[in-house]
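Here's the letter readout for the chains.
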Amino acid sequence: MLKKRVNLLLSNTDDMARELYLYNTLSRKKELFKPIHPDMVGLYVCGPTVYGDAHLGHARPGITYDVLVRLFKHLGYKVRYVRNITDVGHLENDADVGEDKIEKKARLEQLEPMEIVQTYTLRYHDAMRRLNVASPSIEPRASGHIIEQIALVQKILDAGYAYLSNGSVYFDVKKYDKKYKYGILSGRVIDDMLSNTRNLDGQQDKHFAYDFALWKKASPEHIMHWPSPWSEGFPGWHLECSAMSEKYLGEEFDIHGGGMDLLFPHHECELAQNTVSRGKGGVHYWMHNNMITINGQKMGKSLGNFITLEELFNGTHKLLDQAYSPMSIRFFILQAHYRSTLDFSNDALQAAEKGLKRIMQAAKDIKTIIVKDDVPAINEVAEIEKNVYDALCDDMNTPIALSYLFDAVKIINSIKDKNISINAKDKEKLDSLMENIVKEVLGLVDEQAEVGSGKLIEGLVDMIIDNRKEAKDNKDWAKSDRIRDNLKAIGIQIKDTKDGCEWIIE
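Residues numbered from 1 in each chain as written. Predicted model: local features only at pLDDT ≥ 70, side-chain atom pairs only at ≥ 80, totals over all residues. Heavy atoms only, no water.

1. A look at helix α14 (residues 398–416)
1) Next: The terminal C-alpha atoms of α14 lie 26 Å apart, and with 19 residues this matches the ideal 27 Å at 1.5 Å per residue to within 8%.
2) Next: Buried within α14 are the following residues: Thr398, Ala401, Leu402, Leu405, Phe406, Ala408, Val409, Ile411, Ile412 and Ile415.
3) Next: Looking at the buried positions of α14, the neighbouring elements they touch are α2 (56–74), α11 (326–334), α12 (346–368), α13 (379–392) and α15 (424–441).
4) Next: Remark: lysine 418 follows α14 within two positions and exhibits a positive phi of approximately 65°. (Helix = DSSP H or I, 4+ residues; strand = E, 2+ residues; numbered from the N terminus. Expected span 1.5 Å × (residues − 1). Buried < 20%, exposed > 50% of the residue type's maximum accessible area, 1.4 Å probe, protein only. Contact = heavy atoms within 4.5 Å.)

2. Examining the pattern of salt bridges
1) Next: Under the criterion given, the structure shown has 26 salt bridges.
2) Next: Of the charged contacts in the structure, one is a salt bridge between aspartate 481 and arginine 484, with a shortest N-O distance of 3.4 Å. With aspartate 481 and arginine 484 both in helix α18 (residues 477–489), this residue pair falls 3 residues apart, about one helical turn.
3) Next: Residue aspartate 481 is classed as partly exposed on the basis of its relative accessible area of 32%.
4) Next: Its relative accessible area of 33% is what places arginine 484 among the partly exposed residues.
5) Next: A salt bridge links arginine 484 to aspartate 485, with the shortest nitrogen-to-oxygen separation between them at 3.2 Å.
6) Next: Taken together, the shared-partner salt bridges connect Lys367, Asp431, Glu435 and Lys439 into one network. (Salt bridge = Lys/Arg side-chain N within 4 Å of Asp/Glu carboxyl O.)

3. Description of the sheet that holds strand β12 (residues 297–298)
1) Next: Ordered by their spatial adjacency, 3 strands build an open sheet running β12-β11-β13, and the pairing between neighbours is mixed. Each edge of the open sheet carries a strand with a single partner, namely β12 and β13 (342–343).
2) Next: Pairing of strand β11 (residues 292–294) with β12 involves 2 bridges; the strand directions are antiparallel. Following the sheet pairing, isoleucine 294 is matched in β12 by glutamine 297. (Pairing = 2+ DSSP bridges.)

4. Structural notes on the packing of aromatic side chains
1) Next: Counted by the stated rule, this structure contains 16 aromatic pairs.
2) Next: What links up through ring pairs into an aromatic cluster is the set Tyr161, Phe171, Tyr176, Tyr180, Tyr182, Phe208, Tyr210, Phe212 and Phe264.
3) Next: Over the ring of tyrosine 161 we find lysine 175, and its NZ or CZ is 5.3 Å from the ring centre.
4) Next: Over the face of the ring belonging to tyrosine 248 we find lysine 247, whose NZ or CZ atom lies 5.7 Å from the ring centre. (Phe/Tyr/Trp six-rings, centres within 6.5 Å; stacked < 30°, edge-to-face > 60°. Lys NZ or Arg CZ within 6 Å of the ring centre and 35° of its normal.)

5. Focus: the confidence of the model for the chain
Caution applies to low-pLDDT regions: their predicted coordinates should not be interpreted in detail.
1) Next: On average, residues of the chain carry a pLDDT of 90, and 91% of them reach 70 or more.
2) Next: A low-confidence stretch, residues 1–16 (pLDDT under 50), is modelled with 21 contacts involving residues beyond four sequence positions or located in other chains. (pLDDT = per-residue confidence, 0-100.)

Next up, the structure:
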């Protein structure tokens, strides 16, 4: 059914063959997407390190790559989407020293590390579900792929790009740089990095400050560790994604995504690992969403300036003026291009809330609009349809797509207000845009309609409005006004028209 609707929409556009362009971080330019296997997409995205509640910063990659998957499926592709869970090996400050982030949380709460992992993985899943982020095809955990990671370390050692030091194994960045150039993904140059390097405690086992751990020997107090040919220890943070992406997508796959904060060192190290173990970088398109900032500073757990999604949903954080619904947050994120920074503010979230209501109301209204067969086509409808697709296929430009969808909302409102009329074909196009783009691709849903009691609420409000109509018919204006005011007090706005009465939940 979906494919038929897609073909119907595409058949009405000027460009019959829809081409999708994506910005490739590696080449630093937009490139035409060409899948390795026809009509199939392999996508790997770095998921969360689960030692705390998901915050607004986690919502951005979740929603960004969810929309990318939805767009691919809408355009007729099959997608294998792999998003990992990091549950071991991610040390404090993203370095090779300090305590494991999950172990540290476990010690603080006097729990087993895997209790921490299970608790926050489930809470992350619940937050994503509420944001209407679909589950990935595969969601592997680092701790479940220790064998694959040990095998990958051995491949890198055999290739001559790693060395053993006091039971730990490190990647030889200087040797790699001589042949392949370390820093080509992030744009960093080793000589520049050297001049800004400071000595860090606990890194004396390394030959070079920017060498990174493939395997770390566990200290006596370290809780999570496994046997290996080199020591009882644990894998380095960068290793898991190289090992798991290869296991589930192969040595070569289409897209690797993640946040801009992972570009260096995480993705740079992944690329180096891939290159020496596979003989090639393995990823055709590297994609990075930008950060959400608060007062111009990156929002993150390590900085302590984050707002959890639960706090946003409940309005309990001190910086919040009110609670914000999951769809308002999703809309807020989609209003900015995924590669641009997005600064948190109550004003921006409240504007997103209002914009979402306008689109959801228009999506509802278009279904009940009466068509007239004897009226000409509205030229702007076909143009809007084309512009929306052009925007989405131009590096997933959701803010531009939304601006054109608001043009569609204006037309729907004009028809509703009897200012213009519409024929059946144009109504179908507008309804398809609301269903296929707003709901299926952008993932925006009417939260009121999604509530299980939605039909019950609708029935009760209609019954109350019927009572108000009866009061008006009997010229009982006081009762009529009282019903209207009582409905308004609980957030239900009614509007009298020449054809009857309309209502919306504010």
